[in-house]
Amino acid sequence: VDALNQAIKKGPKDFMARLMLGELLLQKGRLEEAAREFKHAVKLNPQLETAHYKLAVAYQKMGNEREEMAEVESALRLNPTARPHVLLGDFYRARKEIDKARLHYQEALELNPQMAEAHQRLGEVFSELKQPALAAQQFRAALLPNPGLAQAVPRCESISPRSRQRCFLLTHVRIRPPPLPSRP
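Residues numbered from 1 in each chain as written. Predicted model: local features only at pLDDT ≥ 70, side-chain atom pairs only at ≥ 80, totals over all residues. Heavy atoms only, no water.

*Asks:* Just to check I follow, could you spell out helix 7 (residues 98–111) for this structure?
*Replies:* Residues spaced three or four apart along an α-helix point in a common direction, a consequence of the helix completing one turn every 3.6 residues. With 14 residues, helix 7 should cover 20 Å at 1.5 Å per step; its first-to-last C-alpha distance of 20 Å lies within 8% of that length. Of all the positions in helix 7, only Ile98, Ala101, Arg102, His104, Tyr105, Gln106, Ala108 and Leu109 are classed as buried. Where helix 7 is buried, its residues meet helix 6 (82–94), helix 8 (116–128) and helix 9 (132–143). (Helix = DSSP H or I, 4+ residues; strand = E, 2+ residues; numbered from the N terminus. Expected span 1.5 Å × (residues − 1). Buried < 20%, exposed > 50% of the residue type's maximum accessible area, 1.4 Å probe, protein only. Contact = heavy atoms within 4.5 Å.)

This is the structure in structure tokens:
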């Protein structure tokens, strides 16, 4: 932190130093300070999707929904990637708007079919929707790019014995993730 603060003192317009400091502060749970650094990065480089995304993450952790949504939307406008869609899915899921959450997780997977985090979250949504076959499919897919994914392994244990065997087998065998279910 001190080295990055020194770099910012020498070059206050160094948006990369601001981003790195914000990330470090975010990891340390110093949310207000992290948000301040991400805001500086956004002001210095408003076209940088990553700065908007990181600021949205800080706002999410602070429980500041309105600002979170504004920054996620900015990130998506600048560069439609999977990460902001996962954040939007999390936002809607926390508000119990499961269908909206599902759509954003599916959008994330259309943009990045290998994104384990999106498969994991979509599996959790299908579990909440009482669709165990689709949930198991997504939990298995979450393990493909990252066989050690800590969140997916316990989920494998919570599904039917037959699906559980296949889920654990997939931790050792690389195959393509399943196709996404079609949108309603």
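From this point, the discussion proceeds with the structure in view.
*Asks:* How should I be thinking about helix 8 in this particular structure?
*Replies:* When the terminal C-alpha atoms of helix 8 are compared, their 18 Å separation across 13 residues agrees well with the 18 Å that a helix rising 1.5 Å per residue should span. Counting buried positions along helix 8 yields ten of 13 residues, so the element is predominantly enclosed. Of all the residues in helix 8, the buried ones are Ala116, Ala118, His119, Gln120, Arg121, Leu122, Gly123, Glu124, Val125 and Phe126.

*Asks:* Just to check I follow, could you spell out the packing of helix 5 (residues 65–78) against helix 6 for this structure?
*Replies:* Think of two packed helices as two axes; the pair is described by the angle between the axes and how far apart they sit. At their nearest, the axes of helix 5 and helix 6 sit 10 Å apart, and the two run at 155 degrees to each other. One element, helix 5, and the other, helix 6, form an angle in the roughly antiparallel class. Taken as a pair, helix 5 and helix 6 cross one another with a handedness that is left-handed. Of helix 6, the residues touching helix 5 (which contributes Glu65, Glu68, Met69, Val72, Glu73, Ala75 and Leu76) are Pro84, His85, Leu87, Leu88, Phe91 and Tyr92. (Axes fitted to C-alpha atoms, helices over the stretch in contact; angles between N-to-C directions. Parallel < 35°, antiparallel > 145°, perpendicular 65-115°, else oblique. Left-handed = near helix turned anticlockwise from the far one by under 90°.)

*Asks:* Sorry if this is basic, but what is going on with the pattern of salt bridges here?
*Replies:* Where charged atoms of side chains with opposite charge meet at close range, the side chains can pair. Tallied over the full model, the rule gives twelve salt bridges. The salt bridge involving glutamate 97 is made with lysine 100; its shortest N-O contact spans 3.1 Å. Judged by relative accessible area, which is 24%, glutamate 97 ranks as partly exposed. Judged by its relative accessible area of 41%, lysine 100 falls in the partly exposed class. Connected through salt bridges with shared partners, the residues Arg18, Arg36 and Glu37 form a single ionic network. (Salt bridge = Lys/Arg side-chain N within 4 Å of Asp/Glu carboxyl O.)

*Asks:* Explain the environment of histidine 85 here, please?
*Replies:* You can see histidine 85 is positioned in helix 6. Residue histidine 85 is classed as buried on the basis of its relative accessible area of 9%. Between the alpha carbons of histidine 85 and alanine 118 there is a distance of 8.8 Å; along the sequence they are 33 residues apart. Ignoring sequence-local partners within four residues, the contact set of histidine 85 consists of Leu76, His104, Glu107, Ala108 and Leu111.

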